[in-house]
Amino acid sequence: MTTGANSENNAPENTANDPQQQSTTPPWSSLRVALQQVNQAWITSTIEAVGETTVVVPREHIVAICSHLKSAPETRFDFLADICGADRGVEEEPRFEVNYHLFSTTKHHRLRLKVVLNEEDAHVPTVTGVWRTANWHERETFDLLGIIFDGHPDLRRILLPDDWQGHALRKDFPLRGYEPYSLK
Amino acid sequence: MSSAVNIPPQFEVVDRPLDTQMTISMGPQHPSTHGVLRLELVLDGEMVVKATPDIGYLHTGMEKLFEYKKYQQGIVITDRMDYLNPLGNNLAYVMAVEKLLEIEIPERAQTIRVLTCELQRIASHLVWLGTHALDIGAMTVFFYCFREREKILNLIEAASGGRLTPSYFRIGGLMMDLPAGFERRVQQFQDGFLKSVDEFHTLLTGNTIFQRRTQGVGYISAEDAVDWGLSGPCLRGSGVDLDIRRANPYTGYEKYDFEVPTETGCDVWARYLVRMREMKECHKIVAQALSRLRPGPVKADAPKVVLPDREAMKTHMDALIHHFLIVAEGFDVPAGEVYQPIEASKGELGVYVKSDGGPKPSRVHFRGPSFVNLSALPHMAEGCMVADIVAIIGSLDIVLGEIDR
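Residues numbered from 1 in each chain as written. Chains lettered and ligands numbered in written order. Predicted model: local features only at pLDDT ≥ 70, side-chain atom pairs only at ≥ 80, totals over all residues.

Q: Looking at this structure, I do not really get the overall build of chain B. What am I missing?
A: A tally of helices and strands in chain B yields 17 helices and 8 strands. The principal-axis extents of the C-alpha atoms in chain B amount to approximately 105 × 45 × 35 Å. The 405 residues of chain B split such that 49% are buried. Pairs at least 24 residues apart make up 70% of the contacts formed inside chain B by residues separated by at least 6 positions. (Helix = DSSP H or I, 4+ residues; strand = E, 2+ residues; numbered from the N terminus. Buried ≥ 20, exposed ≤ 12 C-beta atoms within 10 Å, placed from the backbone. Contact = placed C-beta atoms within 7 Å.)

Q: Hey, could you run me through the overall build of chain A in this one?
A: Scanning chain A from terminus to terminus reveals 3 helices and 7 strands. In chain A, the succession of α and β elements from N to C terminus is α-β-β-α-β-β-β-β-α-β. Counting across all 184 residues of chain A, residues that qualify as buried make up 32%. Long-range pairs, those at least 24 residues apart, make up 49% of the contacts in chain A with a sequence separation of at least 6.

Q: How should I be thinking about the interface of chain B and chain A in this particular structure?
A: Accessible area lost upon the coming together of the parts serves often as the stated size of an interface. Between chain B and chain A, the contact holds 33 residues from the first and 26 residues from the second. Of all the elements in the fold, those that place two or more residues in the side of chain B that touches chain A are α1 (62-66), α3 (86-101), α8 (222-227), β6 (336-344), β7 (347-355), β8 (363-367) and α14 (369-375) of chain B.

Q: Help me understand the sheet that holds β6(B), please; the structure alone is not making it clear to me.
A: Paired through their backbone hydrogen bonds, the strands of a sheet run either parallel or antiparallel. Residue and element names in this part refer to chain B. Across the sheet, which stays open at both edges, the 3 strands sit in the order β6-β7-β8 with antiparallel pairing between neighbours. Across the chains shown, the open sheet's two edge strands, defined by having one partner strand only, are β6 and β8. Looking at each pair of strands side by side, their axes are set apart by 10° on average, direction ignored. Two strands pair when backbone bridges link them, and β7 and β8 are joined in this way by 5 bridges, in the antiparallel orientation. Looking across to β8, one finds that Gly350 is bridged to Arg367. Strands in contact with α3 are β6 and β7; relative to β6, the strand with the most contacts, it is inclined by about 150°. (Pairing = 2+ DSSP bridges. Axes fitted to C-alpha atoms, helices over the stretch in contact; angles between N-to-C directions.)

Q: Help me understand α3(B), please; the structure alone is not making it clear to me.
A: Residue and element names in this part refer to chain B. Compared with an ideal rise of 1.5 Å per residue, which puts 16 residues at 22 Å, α3 spans 23 Å between its outermost C-alpha atoms and is within 8% of the ideal. Counting buried positions along α3 gives 15 out of 16 residues, so the element sits mostly inside the fold. Remark: Glu102 follows α3 within two positions and exhibits a positive phi of approximately 55°. (Expected span 1.5 Å × (residues − 1).)

Q: Could you clarify how one ought to interpret the environment of B:Val76 in this entry?
A: Residues and elements named next belong to chain B. Inspection of the secondary structure assignment puts Val76 in helix α2 (residues 74-79). Between the alpha carbons of Val76 and Phe169 there is a distance of 9.9 Å; along the sequence they are 93 residues apart. Residues in contact with Val76, not counting those within four places in the same chain, are Thr165 and Ser167.

Q: Is there a simple way to explain the nonpolar core in this structure?
A: What tends to happen in soluble globular proteins is that the nonpolar side chains get buried as a cluster. Membership of the largest hydrophobic core comes to 146 residues, with the highest contact counts inside it found for A:Leu102, B:Ala96, B:Val97 and B:Ile392. Not counting residues up to four positions away in its chain, the partners in contact with B:Ala96 are B:Val338, B:Gln340, B:Val351 and B:Val353. (Core = buried A, V, L, I, M, F, W, Y, C linked by C-beta atoms within 7 Å.)

Q: Can you walk me through helix α2 (residues 62-71) of chain A in this structure?
A: For the α-helix, the turn length of 3.6 residues means that residues three or four positions removed from each other point alike. Residue and element names in this part refer to chain A. Burial in α2 covers these residues: Ile62, Ile65, Cys66 and Leu69. Angularly, the buried residues of α2 cover 100° about the axis, an arc narrow enough to put them on a single face. Along its buried surface, α2 packs onto β4 (96-103), β5 (110-117) and β6 (123-125). (Arc of directions from axis to C-beta.)

Q: Is there a simple way to think about the sheet that holds β4(A) in this case?
A: Residue and element names in this part refer to chain A. The 5 strands are arranged β1-β2-β5-β4-β3 in an open sheet whose pairing can be described as mixed. Only two strands of the sheet have a single neighbouring strand rather than two, namely β1 (45-49) and β3 (79-87). Taken over all neighbouring pairs, the strand axes of this sheet differ in orientation by 20° on average, direction set aside. Judged from the 5 bridges that link them, β1 and strand β2 (residues 52-56) form a sheet pairing that is antiparallel. Among the inter-strand pairings, Ser45 is bridged to a residue of β2, identified as Val56.

Q: I'm lost on the pairing of β5(A) in this one. Help?
A: Regular strands have side chains that alternate between both faces of the sheet. Residues and elements named next belong to chain A. Direction of pairing for β2 relative to β5: parallel, over a ladder of 3 bridges. Following the sheet pairing, Val55 is matched in β5 by Leu113. Sheet analysis places β4 next to β5, joined by 8 bridges and oriented antiparallel. If you follow Leu102 over to β5, its bridge partner there is Leu111. Here β4 folds back onto β5 in antiparallel fashion, the turn holding 6 residues, of which His108 has a positive phi close to 65°.

Given below as structure tokens:
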């Protein structure tokens, strides 16, 4: 990255990072700059791998960072593409994670927010107040992994029947289920 | 006068308040719900006060199944999600795994992927058009659409051997190269297709009944559409110019010249026009892909991931070993996670794959466009008539196999 110190001797390879020529820089670098302006207390760590950016967020700040990223002019993540939970394994601690895949319909960049949760306390605040589409995604995550979204307006099972026991996508749930559903 | 008549108490007319509401269940066996969707409708007379979709009748635990299968075995599961657009599902899944493996796909394989996916998109739109028109009462269109779709399914069968479940794409390329004479057969289809689109327009677009049933029905504004996560033709029908093929190009779509049709009507009619125009754009992309086809390999140079050719197996020891290892043990995918979005025929199809490093994924999640588009149905349906629900469901183009997974 260019710094103010060496902007005197404008080397040709540094011109791409000049703020006046932001449009020539790849989209992820403008996203990186935008993320640095976010309150750093909201971010535990940032991971960049295979061309994707992941930001790990403490769960108490997830609504704040989502609202900020949605409204801030340099990020404009107005489109929540997906929410999906994952079970890292029965022995893992923290065991669960919730991934929020954000997309901007104007800037066309993508970002993944990640919240990690302990098994005993698998609660995370809902983001239905930020994007209404979160409603069904959160219901699905609750249904299949048993993660509770606090403040959700209608947290019922969505894919499995209401009287289903357990959460099917947890690693300790057998593939063929329990009796009498099992066909052996 | 009336007070003089003595009415027995069991025949006495109960004076119900005007705002009495009735709850009825629409589906899951209703033909217009395109599968097994159940809607719980709260009605005031014939007006819908509240519509609550009830899904899950086709849930088969596919995402769970992925965790027990090797990466290459997952491809056949994806066929069964959106069964009208199986090649799109194949593509999203193999691209997600290829992204984790960081392997390069040869030019010819990329072009064939674009060619077959666009044919599949036309086929998917044809089923939408036929059933949408059928729901609204125009039966003839259905036969015209299925006549054209049959030609595409024959092409896909020629390439892959399967009509509804092709599983044509493999991690690292294609199952095999196109058969001899395939280009000529695609060209034959191409020559007649634009005339067929004109036929569909003749049957529907100028039809007053169809217009009255669709215009102004199922309104959703651009802001609401983005907030509800609508994607694909449903979003573009609300005037948002967004296409993943343009926004985040994949498989070389940035090299193709095509338009992204948008309409600003925000209603069922606008979504109809978007898909009708999109079919012509698909036709354009297929023509360009045909002209780009050059001889070359269709499998990546990654012997530990891609199955070797039959001939090589008979002559080369290492090819035989690789074949045995891939089939018996699978291949290890580096630990990590990816989210791969593509523009499927119904909208943004996203695949999230998380790997712990073994031959089986730790988690696979599908963001089905139908799932998200259906979640906006209550927003569109409130205040409309019961018959309009049928038009709205048709315009969303849902496939329950993808919603329930």
